[in-house]
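Here is how the chains run, residue by residue.
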Amino acid sequence: MKNGKKFAALLLSAALVTACAACGNDSESGEAVGNVETSEEVSNSGSEASDESSEASDESSEASDESSEESSETSEESSEESQEASDESGAEGQAAGDVLNYADYMAAEMDSQVVVETYVQAKQSWWEDKATVYTQDQDGGYFVYNMACSEEDYAKLTPGTKIKVTGYKGEWSGEIEIMDASFEFVEGGDTFVAEPKDVTAYLGKDELVDYQNQFVSFKGMTVEAAGQDADGNDVAFLYNWDGSGAEGDDLYFQVSLDGQTYTFTVESYLCDKDSEVYGAVKALNIGDKIDMEGFLYWYEGVNPHITSVKAAE
């Protein structure tokens, strides 16, 4: 009996030792599991931090690119504005008084301000402090219409006088002119009176307009009938273009060359009824051969303002 109790006690002790060992293993396993979970959490946290850092880096790179693009656009806009300002400044500088040569004057836009230095060739009219004059330099002609001018200064505008004209380039029925102009005398300037340029060979050709407003000549042309009088008879000239005028008005007459007929005019403001050319045209007969000089005016085509008519040489 005593030995049976001892054996039972031994069994109980063994069971207790086994239970304690199992308990210890469970604790270590739990700590290991906990450590694994903690390690995974730390790893995940580090990974998330790394991702966030990468995203921040990408955002920083995008912001840098956007900043660079904005800076480039701002620089381009600034450059364009600077160029526009420079162009405007250049245009204003030219408008402010740069003198144009004839080629630049002809190339200038219509209605733009122009400044030229030129020489008076003839005066057409003065009225209420406005003068209309034919001018020319060595390169081309300039018709100046309604230029501000006192009566006293108008008397000083003798042929050859050099003047500086500021006005606006315009066109009327094909005639290129300087309008709304002012002028000043070029003190100490030289003088220039143009010799007539023979443009007979250019009649009917496109090149003729290149001599517009210059002092020109026409040679060996034949007088044609300009119209009819009240009795139905052919006449060599008309008062006004349609014959509706009277003594003192413009004279219109027609001349031909190589089968083509052209209308020429004695402008009564330029050459009045007491002038030599006015009387010469009134004395013309149909069939006369004549030489002429005048200014190559334009109105719906060539319409020279004639200042001299003589029998052809």
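Conventions and cut-offs
- Residues numbered from 1 in each chain as written.
- Predicted model: local features only at pLDDT ≥ 70, side-chain atom pairs only at ≥ 80, totals over all residues.
- Heavy atoms only, no water.
- Phe/Tyr/Trp six-rings, centres within 6.5 Å; stacked < 30°, edge-to-face > 60°.
- Buried < 20%, exposed > 50% of the residue type's maximum accessible area, 1.4 Å probe, protein only.
- Pairing = 2+ DSSP bridges.
- Helix = DSSP H or I, 4+ residues; strand = E, 2+ residues; numbered from the N terminus.
- Axes fitted to C-alpha atoms, helices over the stretch in contact; angles between N-to-C directions.
- Contact = heavy atoms within 4.5 Å.
- Salt bridge = Lys/Arg side-chain N within 4 Å of Asp/Glu carboxyl O.

Chemist: Lay out the packing of aromatic side chains in plain terms, naming residues and giving numbers.
Modeler: The final tally for this structure, using the stated rule, is 14 aromatic pairs. Taking 5.2 Å as the distance between ring centres and 80 degrees as the angle between the ring planes, the aromatic pair formed by F183 and F185 counts as edge-to-face. With relative accessibility at 23%, the residue F185 sits in the partly exposed group. Ring centres 5.2 Å apart and planes at 45 degrees place the aromatic pair F215 and F295 in the tilted group.

Chemist: Hey, could you go over the pairing of strand β4 (residues 162–172) for me, with residue numbers and the actual values?
Modeler: Note: strand β1 (residues 113–127) against β4, 7 bridges, orientation antiparallel. By the bridge assignment for β4, E117 is matched with K164. Sheet topology note: the β4/strand β5 (residues 175–185) ladder contains 9 bridges and is antiparallel. Each residue of the ladder has a partner; that of V165, found in β5, is F183.

Chemist: Go over the environment of G188, please, and point to the residues and values.
Modeler: Summarising the element assignment, G188 is placed in the loop between β5 and β6 (197–198). Residue G188 is classed as exposed on the basis of its relative accessible area of 82%. It is 9.0 Å that separates the C-alpha atoms of G188 and K162, two residues lying 26 residues apart in sequence.

Chemist: Talk me through the sheet that holds strand β3 (residues 141–148); I want residue IDs and the actual numbers.
Modeler: Strand order around the closed barrel formed by 5 strands is β1-β2-β3-β5-β4, with mixed pairing between neighbours. Here the strands of the sheet are splayed against their neighbours by 50 degrees on average, with no regard to which way each runs.

Chemist: Talk me through the environment of S217; I want residue IDs and the actual numbers.
Modeler: Note on placement: S217 falls in strand β7 (residues 215–224). The sequence separation of S217 and E195 amounts to 22 residues, and the corresponding C-alpha distance is 9.3 Å. Sequence-distant contacts of S217, that is, excluding residues within four places in its chain, are made with P196, K197, D198, V199, T200, M292 and E293.

Chemist: Just give me the short version of the environment of W127, but keep the residues and values in it.
Modeler: Its location among the elements puts W127 in strand β1. With relative accessibility at 63%, the residue W127 sits in the exposed group. W127 sits 24 residues away from E151 along the chain, and the two C-alpha atoms are 8.5 Å apart.

Chemist: How would you sum up the pattern of salt bridges? Please name residues and give values.
Modeler: Side chains that differ in charge, positive against negative, can pair when their charged atoms come close. Under the defined criterion, the tally for this structure stands at 5 salt bridges. Of the charged contacts in the structure, one is a salt bridge between K156 and D153, with a shortest N-O distance of 3.8 Å. One end of the pair, K156, and the other, D153, are both in helix α3 (residues 151–156), 3 residues apart, so they sit about a helical turn from each other. The partner of K282 in a salt bridge is E247, and the shortest N-O contact between them spans 2.9 Å. On the criterion of sequence distance, the pair formed by K282 in helix α4 (residues 276–282) and E247 in the loop between β10 (237–239) and β11 (251–257) is long-range, its members being 35 residues apart. One salt-bridge network, in which partners are shared between bridges, spans E117, K162 and D190.

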